[in-house]
Amino acid sequence: DDDAEDDEGANGAGEDDDVVFQFVLGDDGNTLLISARDVATLRRVVGTSGLGEVDLDTLHRAFSKAATDGVLNKSAFDRVVRDLIPGETLTKEDKAFLSFALSNIFFAFDRDGNNVVDFDEFLSGFSLLVQGSKSDKLALAFRMFDEDGDGYISRLEMWKYLRAFLTMLMSVNTLSQRLPVTEVQTLVDKAAVELTKAVFSSADLDDDGRISYEEFGQWYNAGGFDIIPWLELLDLRKWPELSDEDDYEGSADEGAEPVFEFQLSAEGGDALQITASDVANLQRLNDKARLQRMSPEQLYRAFASEAKDGVLDKSGFDRVVRQLVPGESLTKEDKGYLSFALSNVFYAFDRDQNGVVDFNEFASGFSILAGGSKSDKLSLAFHLFDLDSDGYISRRELWEYLRAFLTVLVALNGGMQDVDPKELVVLIDRNALELTGTVFEQADTDEDDRISYEEFGQWYNEGGFEVIPWLELLDLRKWPTTAAEDGAAAGGDGEEEDEEEEGDSCSEDDDGAGDGDDSDDIAELRSAAAAAAPAGQSAPAWNGAFGGDGEDDPQLDDDDDDDDDDDEVEVEDEDENPDIGFRPLAEPVWAIT
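First, a word on what this report is: a plain description of the structure on this page. In this text, all values refer to a predicted model and were calculated from it rather than measured experimentally.

Description of the overall build of the protein
- A count of helical and extended segments in the protein gives 20 helices and 12 strands.
- For the protein, buried positions account for 56% of its 593 residues.

Comments concerning the environment of L33
- Of note, L33 is situated in strand 2 (residues 31-35).
- Relative accessible area serves as the criterion here: at 5%, L33 is assigned to the buried category.
- In this structure the C-alpha to C-alpha distance between L33 and M170, which are 137 residues apart in sequence, comes to 9.4 Å.

A few points about the packing of helix 13 (residues 314-324) against helix 14 (residues 332-348)
- Here helix 13 crosses helix 14 at 145°, and the two axes come no closer than 11 Å. Helix 13 and helix 14 meet at a crossing whose hand is right-handed. Here helix 13 contributes K314, F317 and V321 to the contact with helix 14, which in turn contributes L342, S343, F346 and Y347.
- For the contact of helix 13 with helix 14, the per-class residue count stands at 5 nonpolar, 1 polar and 1 charged.

Quick notes on helix 1 (residues 36-49)
- The end-to-end C-alpha separation of helix 1 is 20 Å, in line with the 20 Å expected for 14 residues at 1.5 Å each.
- Of all 14 residues in helix 1, 13 are buried; the element is thus mostly enclosed.

Here we look at the pairing of strand 1 (residues 19-24)
- Bridge count for strand 1 against strand 2 is 5 bridges, and the pairing is antiparallel. Of the residues in strand 2, the one forming a bridge with V24 is T31.
- Between strand 1 and strand 2, which pair antiparallel one after the other, the connecting turn spans 6 residues, and G29 there sits at a positive phi close to 90°.

A few points about the side chain of T331
- Structurally, the position occupied by T331 is in the loop between helix 13 and helix 14.
- Within polar-contact distance, the side chain of T331 engages the backbone nitrogen of D334 at 3.0 Å.

A short note on the nonpolar core
- Core analysis: the largest hydrophobic core is formed by 156 residues, its most contacted members being L102, Y161 and Y401.
- Top contributing element to this core by residue count: helix 17 (residues 395-411), with 10 residues.
- Ignoring sequence-local partners within four residues, the contact set of L102 consists of V45, L51, F77, V81, I85, F126 and L129.

Looking at the pattern of salt bridges
- For the structure shown, the criterion picks out 26 salt bridges.
- Notably, a salt bridge pairs R403 with E361, separated by 2.3 Å at the nearest N-O pair. Of this pair, R403 sits in helix 17 while E361 sits in helix 15 (residues 359-366), placing them 42 residues apart in sequence. Assigned by exposure class, R403 and E361 land together as buried.
- Linked through salt bridges whose partners overlap, the residues forming this network are R111, E121, R163 and D189.

Regarding the pairing of strand 2
- Along strand 2, 5 of the 5 residues are buried, which leaves the element largely enclosed by surrounding structure.
- Side chains T31, L33 and S35 project from strand 2 onto one buried face, and the interleaved L32 and I34 project onto a second face that is buried too.

Quick look at helix 15
- Within helix 15, 8 of the 8 residues are buried, leaving the element largely enclosed by the surrounding structure.
- Along helix 15, the positions that sit buried rather than exposed are F359, N360, E361, F362, A363, S364, G365 and F366.
- The N-capping residue of helix 15, defined by a side-chain oxygen 3.2 Å from the backbone nitrogen of N360, is D358.

Quick look at the packing of aromatic side chains
- Summed over the entire model, instances satisfying the criterion amount to 38 aromatic pairs.
- Taking 6.1 Å as the distance between ring centres and 85° as the angle between the ring planes, the aromatic pair formed by F77 and F126 counts as edge-to-face. Residue F77 is found in helix 3 (residues 74-84), and its partner F126 is found in helix 5 (residues 119-126); the two are separated by 49 residues along the sequence.
- What makes F77 buried here is its relative accessible area of 0%.
- Given the relative accessible area of 1%, F126 is considered buried.
- Judged by centre distance (6.0 Å) and plane angle (85°), the rings of F145 and Y161 are edge-to-face. Linking F145 in helix 6 (residues 134-145) with Y161 in helix 7 (residues 155-171), this pair joins segments that are 16 residues apart in sequence.

Comments concerning unusual backbone geometry
- Look at S389: it is not a glycine, yet its phi comes out positive at around 55°.
- Note that S389 resides in the loop between helix 16 (374-385) and strand 11 (392-393).
- A residue is classified by how much of its surface remains accessible, and S389, at 63% relative accessible area, is exposed.
- We note that D449 has phi near 60°; this positive angle belongs to a residue other than glycine.
- Examined against the element boundaries, D449 turns out to sit in the loop between helix 18 (421-443) and strand 12 (451-452).
- On the accessibility criterion, D449 (43% relative accessible area) is partly exposed.

Here's the deal with the environment of L84
- Tracing the chain through its elements places L84 in helix 3.
- You can call L84 partly exposed: its relative accessible area is 21%.
- Taking the C-alpha atoms as reference points, L84 and A62, 22 residues apart in sequence, are found 8.2 Å from one another.
- Residues contacting L84, with those up to four places away along its chain left out, are L51, T58, L59, A62 and F63.

Description of the side chain of D146
- Locating D146 in the fold gives a position in the loop between helix 6 and strand 5 (152-154).
- Of the side chains with opposite charge, R210 comes closest to the buried, unpaired D146, at an N-O distance of 7.9 Å.
- Separated by 3.3 Å, the side chain of D146 and the backbone nitrogen of D150 make a polar contact.
- Among the polar contacts made by the side chain of D146, one reaches the main-chain amide nitrogen of G151 at a distance of 2.7 Å.
- Apart from residues no more than four positions distant in its own chain, D146 is found in contact with G151, Y152 and I153.

Description of the packing of helix 16 against helix 17
- Here helix 16 crosses helix 17 at 140°, and the two axes come no closer than 10 Å. Accordingly, the angle class assigned to the pair helix 16 and helix 17 is oblique. Seen from above, helix 16 lies across helix 17 with right-handed handedness. Touching K377, L378, A381, F382 and F385 of helix 16 are E397, E400, Y401 and F405, all from helix 17.
- Split by residue class, the contact of helix 16 with helix 17 holds 6 nonpolar, no polar and 3 charged.

Scoring rules and cut-offs
- Residues numbered from 1 in each chain as written.
- Predicted model: local features only at pLDDT ≥ 70, side-chain atom pairs only at ≥ 80, totals over all residues.
- Heavy atoms only, no water.
- Helix = DSSP H or I, 4+ residues; strand = E, 2+ residues; numbered from the N terminus.
- Buried < 20%, exposed > 50% of the residue type's maximum accessible area, 1.4 Å probe, protein only.
- Axes fitted to C-alpha atoms, helices over the stretch in contact; angles between N-to-C directions.
- Left-handed = near helix turned anticlockwise from the far one by under 90°.
- Contact = heavy atoms within 4.5 Å.
- Nonpolar A, V, L, I, M, F, W, Y, C, P; charged D, E, K, R; others polar.
- Expected span 1.5 Å × (residues − 1).
- Pairing = 2+ DSSP bridges.
- Polar contact = N/O pair within 3.5 Å; in protein donor to acceptor, adjacent residues only side chain to side chain.
- Core = buried A, V, L, I, M, F, W, Y, C linked by side-chain atoms within 4.5 Å.
- Salt bridge = Lys/Arg side-chain N within 4 Å of Asp/Glu carboxyl O.
- Phe/Tyr/Trp six-rings, centres within 6.5 Å; stacked < 30°, edge-to-face > 60°.
- Lys, Arg positive; Asp, Glu negative; His and termini not counted.
- Parallel < 35°, antiparallel > 145°, perpendicular 65-115°, else oblique.

Okay, structure coming up:
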């Protein structure tokens, strides 16, 4: 089925996207592919909206108050969204993005096209966006579909239960936009029909035509997770960490979707693209090294202890890395990854390829991996380049200042991996020089050929941010996958497996299979479904010689095998291709012009 479904959005990854997750949906071979682009978009929705900090009970109460007679209409949905996500906390661009993304999810559940959704199905699926484990979300949805409160749900209710979660995943899958609405609905309906049959044939142990949550949990833990593995994605922690090393690697080719794209200077010409793969690589680097728990000053002092005469050599860098990232906390694979990724950043500053870097430039650029705001990092670096401590830096010092930050962003960019290091040096130098000229022309108001931090800050705030927008990325919270991390991990270190959590802890007994025959319920569901359709590489290599023999990598101790605002994510034009084919937004959730 891998080569036969190219024109179906749910079945083809497309040439431009890296596949992060792939799930078979039924016996007919249909598959659901989640790309790096989908992951980045979901992270932006969760991070920008703040829904990742909302608990299940709060979400349930908020939408329950707005629902009437088991349904929720679009205007009520909009009111709840505005209550949960106050518009004054958002930029105009964020409002537009969330208006489209969240309304698109609503329309995914509007099966009749009348601006009304089934409340139980909608809330069960929408719960993906808030905090809580897979077990918490499954248990809440089970209680909602258990309409008589007897602890059981019927075949029809199980079908709607599974359909709710699958609909939600389809709604965040940009590839599904290539399918007509009714085709997406039919695909979801049929997949839920087959999965319902599979659950009842194995899990309805007493063959009474109904399933308890305990029976469902026992079935899932005893092997059902192989049949419905996509339920794991109900836990947001399964998205940012991805699932294995390959999920971070992605592709750095020209077809990778840009998450950020910047002109490197006011003169235009050279551009820097940050792709979803680059974002995922930085996320992994942050997750494993945990340097964002340190302030820029703390990180600076750690490396300053090894610097001599204004330079830092590779052996000194390695010693600091081993101190900051203890090897006993890492798996062998993590050590190898961090050895490469962190050394790669070091070599980005090794302009003469002699194993030595200018300490001030390195410390300024490397501060991107620390916690703290953009201003914290800019201020620290300014003081480093203000060698005589008079509160000013010269043209050359500003050039080196800007060059430091541009160097680290280029180092984190996978698209530059095949460019000769000497060419990259020229590219960075040229653009930093052009930017320096622009800053002095516009900000050196007293024409004394020097710039104070106050002058630079005033220039930036009054329009300089349009000339050097990429400085915003010094704040890790501006990256889609690191929006919640600044100084501490935000909920990413939860329990390893939900099977150990309350609600999933069922005995592992796989006895008891149903008769497997089609019942009246399944026949009805098939009719309903028919009626719904009316006619890579690891971190980017900077230095071509790096990694050949491994001698220059910091070996982070012996192996200890333990497992595991103004950003822009591309979305399709609303009028031409609304996501997954659902109706384009009639009007925004927030009143914006």
